[in-house]
Every structure is written in C-alpha cells, then in structure tokens.
Amino acid sequence: MRFARRHFLLKTSALGIGSLLATLWGQIARSTEVIENNLSEIDRRIQQIRTAPLTVRLQDSQGNPIASQSLKIKHLRHLFNFGATYQAYLYPANDNESDRRLRENFLRLFNASTVTFYWRSYEPQENQFADAPLLEQIAWLKEHGFYLRGHPLFWNHNPACLPVWLEGRNVTDQELRSRMDRLLEHLSEVIFPHLDEVDVFNELVHWDSYQHPLTDLLKNQGKIPIVKQYLTRFKKLNPNVKAVINDFVSKPSYAEMLNEFQAAQVPWDQIGQQAHMFFGNWPSQHLTNVIQRLSAIGKSIVFTEVSSLSGAIKEDIDFSRTYTDWVSDREHEQQQADYLDYFYRLAFSYPQITGIFLWSFSDHGAWLGAPTGILHQDGRPKPAFTQLDKLINQVWRTNGEYITDSSGYVRISNAYEGEYQITVSDQVMTGQHSFSKPLEILKTLS
C-alpha cells in the first residue's frame, strides 16, 4: 500500500473510539462561546516573544559608515513550524490542474510537514519495509526546505499499527518486543536521520481502549517501564531527533500522565497535542487552559494534528467510515477561518509552542471525509487559507527596502524570527534571526 486508504486506516477503531472522543469532548466541543476580544493582548505577546531588533551596518574599507545606501531585507523562512500532513496529491508527478493548485498552495503556506509510517502499511510483509515511497516524500519536502516530523512509531491501534501478518496470532510479550526493537532499529537507520522530530508514543492516556499486542505488553510489564525503556533506546539511536509524546486528550489527565513520566525520569523532548475539533471548536478558555497546563511541565509543545470544520457538526460520528455527504458551506467556512485565525494567534503568542500542524490541509482525502481542509478538494482556497496566508506571509514577516542612516545603520526594532537574506547592490548576506540571538550584520563594502 502506498498512500491510498491511509485516511481510513489511520485512526479508526472497532472498539468505539468515536464514543470515547465524544465523551471527552462533549462538554467543551458543543459550546457556542464567542471568542474573547483579546487579540490586542495576544498580538502584544507575539511582538514580545517572536520579534527582536535586527541590525545591519555598512562601512567602507576604512571603517567609515556608508550612509544613504539602499538595501533589501527578505524574510526567507519562519523559525516557527507552520505545517500540515503530507498527502499523496503533493507528489510532483501529479500534474493535473487541481493537484498543481494544491501543491502550490501547500508550498506557499507551510515550512514544515508530517510524514507517516503506520506499522501496518510500513511493514506490509514481515521484514519488508516500505522505505522507497517514504524516502521520496522526504526528499521532495527537504528539497523545499521543510522541517519534518514523523508519526507514529509506537501506537497500539488496530488496524493502523498492527501488521497484517501479525493479525490473529497469539503474540507473546517477548516476540512483540523483538519486533518493536527491529522496527525502531530499521527506522533509526533508514528514515529517522532525515527527520527533526518523531511521535515515539501516540495516545497513551487511554492506551487500554485498544485490543492490540502492545496493550497486553503495557498491562503485563507496566506502561511507565516500557515507555521509559523505548524512549531511552530511541534517544540513544537518534540523539539529534526530538522525541515526542503525542495524544488527543486535552483534559488534565494528559498532563498528569506526563508529570508521572517526569517523576520517573522518562527521557523525551516535546509534548504533542492533537486538536481534532469534529464536535465543535474548542472554547478559547479551554484552549488557553490546555496550553498553560502543558506549559507548566517545562517542555516545548507542538500542536500535531489540528482539524476545524468548515461544515456543520455531524452527530454520532462513526470513526470507522469515510463520509461522502459531509460538505463545506459558506457560513461554516467563515467560522473556520475566524477560529483558526484566533487559534494560530493564541498558540503563536506562547513561547513554549514550536509549531502547528494541520491534519487535513484540503478536503481532498481528508480524514473521515470531513470538511476540515483550508482548501477545497480542487485546491481552491477557503477563507481560512486566505486569513492564514495573510498572517504567516504578511503580518508575521519582515520584508522591505531600507536606507542606511548617517551612521551606516538600518535598525528594525521588531523583526520577526526567521532566516533572512540581505542584499546590497550585488552582494548577498544571509543569517538567522531569533529572540534569543538577534541578527547583527556588519558588512564592509569595497
């Protein structure tokens, strides 16, 4: 299996995951709360933590300042990761008009992406790994300068993370650990060297809701000991890759589990928080509570899977099927746009958060067939794409032509973090600019 059927296999469950999610989200998800009018405070925080003074000074060969010199400053890339999950239609060989439009808009908006390697499709036959298509995806994304995250290494979901050749077998704990070891070692040798972060464990809060050999392993040998052993092994094999623990749970139980891991000295780097809002957008207070609760743990946070509807809420969702009648409409498209605008601003205003990744970038191939994309199936933008494009590519970028003052300086007091290119005549300079290390360039012109 290459990329087809992925969205059917990914997160479906024969054991009633839909009712579980509905229970967890029911109270908060159906809220009709209007987003608080606090954008000015949010934008003030963004200015505080995502910008810093950027300085360029030009001088001649004698050290004298060069005044009234024109230069161009171009913000090439954000340091913050704005991303989405890779989709098959992005592959360059897909050259119809819709796919070209989808691809162009993907590259316009994002600098990061998630690639997936669910065990069932990644090892379709015993000891035969589907490396070639995954490496093709990675190479294309790297060619465009993308930050890459991988999802997921260990997840006790059936069928997505149970190989066909293991189904129906009475797998012992010892055999499972041997196969987990081999999977980790192979990925660490072939795939992980190309990635920046990996969801090492996925959805551990309600791990006992799935029927899977990994569920039995955790019951028999303990969740914390197994998680600690494999994260320790992951870090040893992949010292330059961030280890992420990822979950859909947005209640205090997630933070409580992570604090237990901290107390047990489990080694991991980053907290992954999913936000699939199929039952309605999270109220602003809930979103704030989630961020602040996870921030208190003391690790960086990434929103790994964000889904906001541009269509009506569907009651009693069956998470094992793909809907063909779940459509986007103008009213909900504007609601989606306004909410994602707020979501991105709020998340961007917290220094602990390193990235936001949409799960379904377009309605083409969206999980469950839900209208959660910010593009229509044919790649046409919804209002959400337009608003996020304005934020990411205009409001939160620092570009322009500047003239040095009498001391040879160009000073920009609030330049957004990122990779920069400075051009003076035919000379080009580049550098990274961040809040912790503002860019200061001294250039001598002949």
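Rules behind the numbers
- Sequence order as written defines residue numbering, which begins from 1 separately in each chain.
- For this predicted model, a pLDDT threshold of at least 70 governs which residues receive local features, and a threshold of 80 or more governs which side-chain atom pairs are given and counted, while totals over whole chains, interfaces and linings are taken from all residues.
- Hydrogens are left out, water is left out, and the side-chain values use all remaining heavy atoms of the structure.
- Going along the chain from the N terminus, every DSSP run of H or I of four or more residues is numbered as a helix, and every run of E of two or more is numbered as a strand.
- Here the expected span of a helix is defined as 1.5 Å times the quantity of residues minus one.
- Throughout this description, buried means an accessible area under 20% of the type-specific maximum (1.4 Å probe, protein chains only), exposed means over 50%, and partly exposed covers the range between.
- Only Phe, Tyr and Trp rings are paired, with Trp represented by its six-membered ring, and only when their centres lie within 6.5 Å; those with planes under 30 degrees apart are stacked, over 60 edge-to-face, the remainder tilted.
- Lines fitted to C-alpha atoms define the axes, with helix axes restricted to the stretch in contact, and inter-axis angles between N-to-C directions lie between 0 and 180 degrees.
- Between two residues, a contact is recorded if the distance between any of their heavy atoms is within 4.5 Å.
- Nonpolar residues are Ala, Val, Leu, Ile, Met, Phe, Trp, Tyr, Cys and Pro. Charged residues are Asp, Glu, Lys and Arg, and all others, Gly as well, are polar.
- The score called pLDDT rates the predictor's confidence residue by residue, from a low of 0 to a high of 100.
- When DSSP finds two or more bridges between two strands, those strands count as paired.
- Whether a crossover is right-handed depends on one test, that the path from the first strand over the helix to the second runs clockwise when the strands point away from the viewer.
- Only one rule defines a salt bridge in this text: a Lys or Arg side-chain nitrogen within 4 Å of an Asp or Glu carboxyl oxygen.
- In this context, the arc is that of the directions from the helix axis out to the C-beta atoms.
- Pairs of N or O atoms within 3.5 Å make up the polar contacts considered here, provided that, within protein, one atom can donate a hydrogen while the other can accept it, and that residues adjacent in sequence are counted only when both atoms are side-chain atoms.

## Section: helix H11 (residues 284-295)
Okay, step 1: The end-to-end C-alpha separation of H11 is 16 Å, in line with the 16 Å expected for 12 residues at 1.5 Å each.
Okay, step 2: Taken together, the buried positions of H11 are Ser284, His286, Leu287, Thr288, Val290, Ile291, Leu294 and Ser295.

## Here we look at the packing of aromatic side chains
Okay, step 1: Evaluation of the coordinates by the stated rule reveals 28 aromatic pairs.
Okay, step 2: Here the aromatic rings of Phe80 and Phe82 are separated by 4.8 Å at their centres, their planes lie at 50 degrees, and the arrangement is tilted.
Okay, step 3: Classification of Phe80 by relative accessible area gives buried; the value is 4%.
Okay, step 4: Classification of Phe82 by relative accessible area gives buried; the value is 1%.
Okay, step 5: With 5.5 Å between their ring centres and 45 degrees between their planes, Phe154 and Phe201 make a pair best called tilted. Of the two residues, Phe154 sits in the loop between strand S5 (147-151) and helix H7 (173-190) while Phe201 sits in strand S6 (residues 197-202), which places them 47 residues apart along the sequence.
Okay, step 6: Taking relative accessible area as the criterion, Phe201 reaches 1% and is therefore assigned buried.
Okay, step 7: Counting every residue linked through ring pairs, the aromatic cluster contains Phe80, Phe82, Phe303, Tyr339, Phe343, Tyr344, Phe348 and Trp396.

## Observations regarding the packing of helix H4 (residues 97-109) against helix H13 (residues 383-395)
Okay, step 1: Closest axis-to-axis distance for the H4/H13 pair is 10 Å, and the angle between their directions is 35 degrees. When H4 is examined against H13, the residues Asn105, Arg108 and Leu109 are found in contact with a partner set consisting of Phe385, Leu388, Asp389, Ile392 and Asn393.
Okay, step 2: Split by residue class, the contact of H4 with H13 holds four nonpolar, two polar and two charged.

## Overview of the confidence of the model for the chain
Okay, step 1: Of all residues in the chain, 92% attain a pLDDT of 70 or more, and the chain-wide mean is 92.
Okay, step 2: In the predicted structure, residues 1-37 sits below a pLDDT of 50 and forms 96 contacts with residues beyond four places in sequence or in another chain.

## Focus: the pairing of strand S8 (residues 270-277)
Okay, step 1: Among the eight residues in S8, eight count as buried, and that is most of the element.
Okay, step 2: Burial along S8 is two-sided: Gln270, Gly272, Gln274 and His276 and Ile271, Gln273, Ala275 and Met277, pointing in opposite directions, are all buried.
Okay, step 3: Pairing of strand S7 (residues 242-247) with S8, which is carried by four bridges, proceeds in the parallel orientation. Bridging across to S8, Asn246 finds its partner in Gly272.
Okay, step 4: A crossover connection joins S7 to the parallel S8 through helix H10 (residues 252-263); in handedness this β-α-β unit is right-handed.
Okay, step 5: By the bridge criterion, eight bridges tie S8 to strand S9 (residues 300-308) in an arrangement that is parallel. By the bridge assignment, His276 is partnered in S9 with Ser307.

## What about the sheet that holds S5?
Okay, step 1: Spatial ordering of the closed barrel is given by S3-S4-S5-S6-S7-S8-S9-S10, a layout of eight strands whose pairing is parallel. Each strand of the sheet is rotated relative to its neighbour by a mean of 30 degrees, with strand direction disregarded.
Okay, step 2: Bridge count for strand S3 (residues 81-85) against strand S4 (residues 112-116) is three bridges, and the pairing is parallel. Residue pairing across strands places Gly83 opposite Ala112, the latter belonging to S4.
Okay, step 3: Those strands touched by helix H12 (residues 330-348) are S3, S8, S9 and strand S10 (353-358), and its axis lies near 180 degrees from that of S9.

## A look at the pattern of salt bridges
Any two side chains of opposite charge can pair, given that their charged atoms come close.
Okay, step 1: Scanning the entire structure with this criterion turns up 23 salt bridges.
Okay, step 2: In this structure, the salt-bridge partner of Glu123 is Arg182, at a minimum N-O distance of 2.8 Å. Here the residue Glu123 occupies a position in the loop between helix H5 (119-122) and helix H6 (131-143), and Arg182 occupies one in helix H7, the gap between them amounting to 59 residues.
Okay, step 3: With relative accessibility at 21%, the residue Arg182 sits in the partly exposed group.

## What to know about unusual backbone geometry
Okay, step 1: Here the amide bond leading from His151 into Pro152 is cis, since omega sits at -20 degrees, within 30 degrees of zero.
Okay, step 2: Mapped onto the fold, Pro152 is located in the loop between S5 and H7.
Okay, step 3: Note that the residue after Asn158, namely Pro159, is joined by a cis bond; omega there is 25 degrees.
Okay, step 4: The phi angle at Ser68 is positive, at roughly 60 degrees, despite the residue not being glycine.
Okay, step 5: Topologically, Ser68 is positioned in the loop between strand S1 (51-59) and strand S2 (70-77).

## Focus on H4
Okay, step 1: Along its 13 residues, H4 runs 19 Å from first to last C-alpha, staying within 8% of the 18 Å computed at 1.5 Å per residue.
Okay, step 2: The complete set of buried residues in H4 reads Asp99, Leu102, Arg103, Asn105, Phe106 and Leu109. Projected down its long axis, H4 shows its buried positions confined to an angular sector of 170 degrees, all on one face. Among the exposed residues of H4, those pointing more than 90 degrees away from its buried face are Glu97 and Glu104.
Okay, step 3: Against S3, S4, H6 and H13 lie the buried residues of H4.
Okay, step 4: Of the residues that open H4, the one with a side-chain oxygen 3.1 Å from the backbone nitrogen of Ser98 is Asn96.

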